[in-house]
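If you want the building blocks of each chain, they are given just below.
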Amino acid sequence: MYVSQFDNSVAEDAGLLKMDFLGLKTLTIIKDAVRMVKENYGVELDPDEIPLEDKGTYELFQRGETVGIFQYESAGMQKYMKELVPTKFEDLIAMNALYRPGPLEYIPEFIDRKHGRKPVIYDLDAMEEYLEETYGICVYQEQVMLLSQKLANFTKGQADMLRKGMGKKKKKVIDMLHPKFIEGGTANGHDEETLNKVWKDWEAFASYAFNKSHSTCYAFVAFQTAYLKAHYPAEFMASVLTHNKNDISKITFFLEECKRMGLTVLGPSVNESASDFSVNKDGHVRFGLSALKGVGEGPVEEILKERSENGPFESLMDMVRRLNLRAINKKVVESLAFGGGFDCFEGVIRAQYFAPSEKYNTFLEHALRYGNAYQNQKAQAANTLFGDSDDAMIPEPSFPEAEPWPLIEELTREKEVTGIYVSGHPLDDYRLEVKNFMTCSLSKVEMFKNSGSPVKIGGIIGAVQHRISKNGNGWGLFELSDFNASVEFRLFGEDYLSFQHMLIDGKAVYVKAKFQKSWRNDDMELKIQEIRLLDGIAESLTDSITIKLPLEKISDKTIDQLDVLCKTHVGKHRLKMELIDRQQRMKVSMIAKERMVNADNDFIRELDRIGLKYLLN
């Protein structure tokens, strides 16, 4: 039998070298961010020369603000970063190796030892040389290899054999090397009982041990991304968004991170956007033209080329006179108008582009006809006595009058071509309610199918339909949408009569519902029990707010900030404090007898700015 491929162990036994090559999208994210930094600031960054002592980068890790940071962006890793408070590159290497199934249980011990809450202990004094950087905890395969050589005089080959044997649980190899380890260790004056303990610890550990060289490379790439996020946040996030543009859920997630960072994300603009996400001269992230549905690479290239050669466009009329209209058709200009691509032209609102114009259905159609006629006449004039003239004798059409679209309609049309809400979200004014009073987001409702408990969800009503059944009874269906997903609901009988007045497109509502068996079949369906306006939900459902205050956060500055905050937000909600001593694992709860606050969006926003967590009750 002819064989063209061999298993890695067979290849290695034959003396061949097996190598793994891993392609990382993160490297392209770094490359594009570095390019944008050069374009915007004239700074030539070499990612390999980024200083590993940079204070701002460590502060970013310490705050757990690692969304978009390679290998460190999970919620669990963010939690441990805040607790670890990394101060050196070795801390990041160790956490990268420890944050995996198995060694995960060592992380609390590792953190406690770093901060001196627990002593650093070595089974043998001779182990300190190689375990000092990880506070006495064996983290890397290399440590096992080096210690076996130091403690028991293993050769480098035997040390590597030990690593492979333990890592792949090869009992024959382990049983063969164990006597050599004990023999070599006792010959060096070490206690046999302690040597056996070390060996057992290694056996338990080595099956999920990570090699330091691998972890170091990952931590280095992570440090490069964190450095860019700390010092050039707009360029970094623009690059991250560009390389996730085909996944709407990830785009939404990273846009949320941009908002948390205080970055402004602007919609597409024919005068400022590049093909992908970019950063303008004001440091704002700008949506890319190629991300618009209906706008392909050809039209984008045409727009960017003309803009580069002859400057920005002054108006829609200027665009249709200058661009090759074989590349820019009706579908393209409609998508640009819906997505806000023409918002840079002052004095014109989006509704005007779609208002009827003379004998045309929309002004956009009129503008394209004008552009074609202008270019045709100019081409014909080029062969006449007046061929050098740039003027064409075709009057420019005037914009029709139009009422602005309601915000929900404008945002909905924008979402049709961008896939997401860019210039705003109908729920932006209700973030406090969504975060604190909803059971889950709409994307996670299915998780409660078998819980038997009601779910509380919030969103914007859309796609409303009122219908009449065959027997003459009214029923309705609608979509409820939040920041990430949409769910369709149907209402019949008494439920429809009770809630039909709430079914209005664009209305922000709070819905209480419960999964139960459908009357049509045995499937579980979400039955609505209550619909209320989101306005006033926080006011009616909030009784008190608990501010969580870790001991290490208590300072004169924090106390003064809280004092001013409470005085400027007086209201009817009770104020509670929870003092947290992480070292002693203790909590003390207190209630303010004389102070009442208004725990609204502004109050919560200020708590976030101070860096304090809270709980609404």
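Residues numbered from 1 in each chain as written. Predicted model: local features only at pLDDT ≥ 70, side-chain atom pairs only at ≥ 80, totals over all residues. Heavy atoms only, no water.

Trainee: Would you mind going over the overall build of the protein chain in detail, with residue names and values included?
Mentor: Looking only at helices and strands, the protein chain has 25 helices and 12 strands in total. Seen through its principal axes, the protein chain has C-alpha atoms that stretch 100 × 75 × 65 Å. Within the protein chain, contacts between residues separated by at least 24 positions form 61% of all contacts whose residues are at least 6 apart in sequence. Of the charged side chains in the protein chain, 79 are positive and 93 negative, and the gap between their average positions amounts to 5 Å. (Helix = DSSP H or I, 4+ residues; strand = E, 2+ residues; numbered from the N terminus. Contact = heavy atoms within 4.5 Å. Lys, Arg positive; Asp, Glu negative; His and termini not counted. Charge placed at Lys NZ, Arg CZ, Asp CG, Glu CD.)

Trainee: Tell me about the sheet that holds strand β1 (residues 265–266), and please be specific about residues and values.
Mentor: Taken together, three strands build an open sheet; the order of strands is β1-β3-β2 and the sheet is mixed. Each edge of the open sheet is held by one strand with a lone partner, namely β1 and β2 (278–279). Of the strand pairs in this sheet, β2 and strand β3 (residues 285–286) are connected by two bridges, and their pairing is antiparallel. Looking at the pairing, S278 lines up with R286 of β3. (Pairing = 2+ DSSP bridges.)

Trainee: Tell me about the layout of surface pockets, residues and numbers included.
Mentor: Estimated volume of the second largest pocket: approximately 1,200 Å³. Residue lining of the second largest pocket: 32 residues in total, with K18, D20, R163, N211 and H214 positioned closest to the centre. Per-element accounting of the lining of the second largest pocket gives the leading share, five residues, to helix α12 (residues 212–231). (1 Å grid on protein atoms, 1.4 Å probe; cavity = no way out; pocket = protein on both sides within 12 Å on 5 of 7 lines; lining within 4 Å. Points joined across faces, edges and corners; volume = space filled by probe spheres on them.)

Trainee: How would you sum up the nonpolar core? Please name residues and give values.
Mentor: One finds F61, I69, Y72, M81, L92, L228 and L241 to be the most contacted residues of the largest nonpolar core, which totals 61 residues. Contributing elements (two or more residues each) for this core: α2 (25–41), α3 (55–62), α4 (75–84), α5 (89–98), α6 (107–114), α12, α13 (233–242) and α14 (248–260). Per-element accounting of this core gives the leading share, eight residues, to α12. Not counting residues up to four positions away in its chain, the partners in contact with L228 are I30, A33, V34, L45, P233 and F236. Residues M317, M319, L325 and Y370 belong to the second largest nonpolar core, which totals 33 residues. (Core = buried A, V, L, I, M, F, W, Y, C linked by side-chain atoms within 4.5 Å. Buried < 20%, exposed > 50% of the residue type's maximum accessible area, 1.4 Å probe, protein only.)

Trainee: Which residues make up the sheet that holds strand β9 (residues 544–550), and what values go with them?
Mentor: Taken in spatial order, the four strands make up an open sheet running β11-β10-β9-β12, and their pairing is mixed. Strands with a single pairing partner mark the edges of an open sheet, and in this sheet they are β11 (586–597) and β12 (613–616). Across the sheet, the axes of successive neighbouring strands diverge by a mean angle of 25 degrees, strand direction being ignored. Relative to strand β10 (residues 570–581), β9 runs parallel, the two sharing seven bridges. From the neighbouring strand, T546 faces β10, where its bridge partner is K576. Across the face of the sheet, helix α25 (residues 601–610) comes into contact with β9, β11 and β12 while running at roughly 5 degrees to β9. (Axes fitted to C-alpha atoms, helices over the stretch in contact; angles between N-to-C directions.)

Trainee: Which residues make up the environment of E488, and what are the values?
Mentor: Residue position: E488 is located in strand β6 (residues 486–491). Taking the relative accessible area as the measure of exposure, E488 reaches 46% and is therefore partly exposed. On a C-alpha basis, the gap between E488 and F478 in space is 5.8 Å, while along the polypeptide they are 10 residues apart. Residues within four places of E488 in sequence aside, it is in contact with L477, F478 and E479.

Trainee: Can you break down a positive patch on the surface residue by residue, with the values?
Mentor: Among the surface-exposed residues, K82, K435, K553 and K613 lie close enough to one another that they form a single positively charged patch. Relative to the elements of secondary structure, K613 occurs in strand β12. Judged by relative accessible area, K613 falls into the exposed class, the value being 54%. (Patch = residues over 30% accessible without salt bridge, like charges linked within 9 Å, V, L, I, M, F, W, Y side chains within 5 Å. Areas by Shrake-Rupley, 256 points an atom, 1.4 Å probe, with all protein chains shown as cover. Salt bridge = Lys/Arg side-chain N within 4 Å of Asp/Glu carboxyl O.)

Trainee: Give me the lowdown on the pairing of β9, citing residues and values where you can.
Mentor: Side chains on a regular strand alternate between the two faces of the sheet. In terms of residue burial, β9 counts as a mostly covered element, since six of its seven residues are buried. Note that the unit made of β9, helix α24 (residues 556–568) and β10 has a crossover that is right-handed. Sheet analysis places β9 next to β12, joined by four bridges and oriented antiparallel. Its bridge partner lying in β12, I545 is registered against L616. (Right-handed = clockwise from strand over helix to strand, strands pointing away.)

Trainee: Could you give an account of the side chain of T362, with specific residues and numbers?
Mentor: Inspection of the secondary structure puts T362 in the loop between α18 (350–353) and α19 (363–381). Residue classification places T362 among the buried positions, given a relative accessible area of 12%. Sequence-distant contacts of T362, that is, excluding residues within four places in its chain, are made with Y353, F354, A355, P356 and S357.

Trainee: Now, about the pattern of salt bridges: what can you tell me, with residues and values included?
Mentor: Inspection of every chain in the model, using the stated rule, returns 37 salt bridges. A salt bridge links E59 to K55; the nearest nitrogen and oxygen atoms lie 3.9 Å apart. Here the residue E59 and the residue K55 both occupy positions in helix α3, the gap between them amounting to four residues, near one helical turn. Assessed through its relative accessible area of 61%, K55 is described here as exposed. Measuring nitrogen to oxygen at the nearest pair gives 3.2 Å for the salt bridge that ties E83 to K79. Residue E83 and its partner K79 are located together in helix α4, separated by four residues, close to a single helical turn. Counted as one network, the salt bridges with shared partners bring together R63, E65, K229, E257 and R260.

Trainee: Quick rundown of unusual backbone geometry? Include the residues and the values.
Mentor: Located in the positive-phi region is V85, a residue other than glycine, with phi close to 50 degrees. Structurally, the position occupied by V85 is in the loop between α4 and α5.

Trainee: Would you mind going over the packing of aromatic side chains in detail, with residue names and values included?
Mentor: Per the stated rule, a full pass over the model turns up 23 aromatic pairs. Arranged with centres 5.3 Å apart and planes meeting at 65 degrees, the rings of F253 and F254 form a pair that is edge-to-face. Residue class for F253 comes out partly exposed when judged on its relative accessible area of 43%. Since its relative accessible area comes to 6%, F254 is described here as buried. These aromatic residues form a ring-pair network of at least three members: F342, F345, Y353, F363 and F399. Over the ring of Y374 we find R321, and its NZ or CZ is 5.9 Å from the ring centre. Here the guanidinium or amino end of R413 rests over the ring plane of W405, the centre of that ring lying 4.7 Å away. (Phe/Tyr/Trp six-rings, centres within 6.5 Å; stacked < 30°, edge-to-face > 60°. Lys NZ or Arg CZ within 6 Å of the ring centre and 35° of its normal.)

Trainee: Summarise the environment of F603; cite the residues concerned and give the values.
Mentor: Relative to the assigned elements, F603 resides in helix α25. With 34 residues separating them along the chain, F603 and H569 place their C-alpha atoms 6.8 Å apart. In contact with F603, not counting residues within four places along its chain, are I545, I547, L565, H569, V597 and N598.

Trainee: An account of the side chain of H569 is needed here, citing residue identities and associated values.
Mentor: By the secondary structure assignment, H569 is in the loop between α24 and β10. Judged by its relative accessible area of 15%, H569 falls in the buried class. When sequence neighbours within four positions are dropped, the list of residues in contact with H569 reads M596, V597, N598, D600, D602 and F603.

All quantities given are derived from atomic positions and should not be read as evidence of function.
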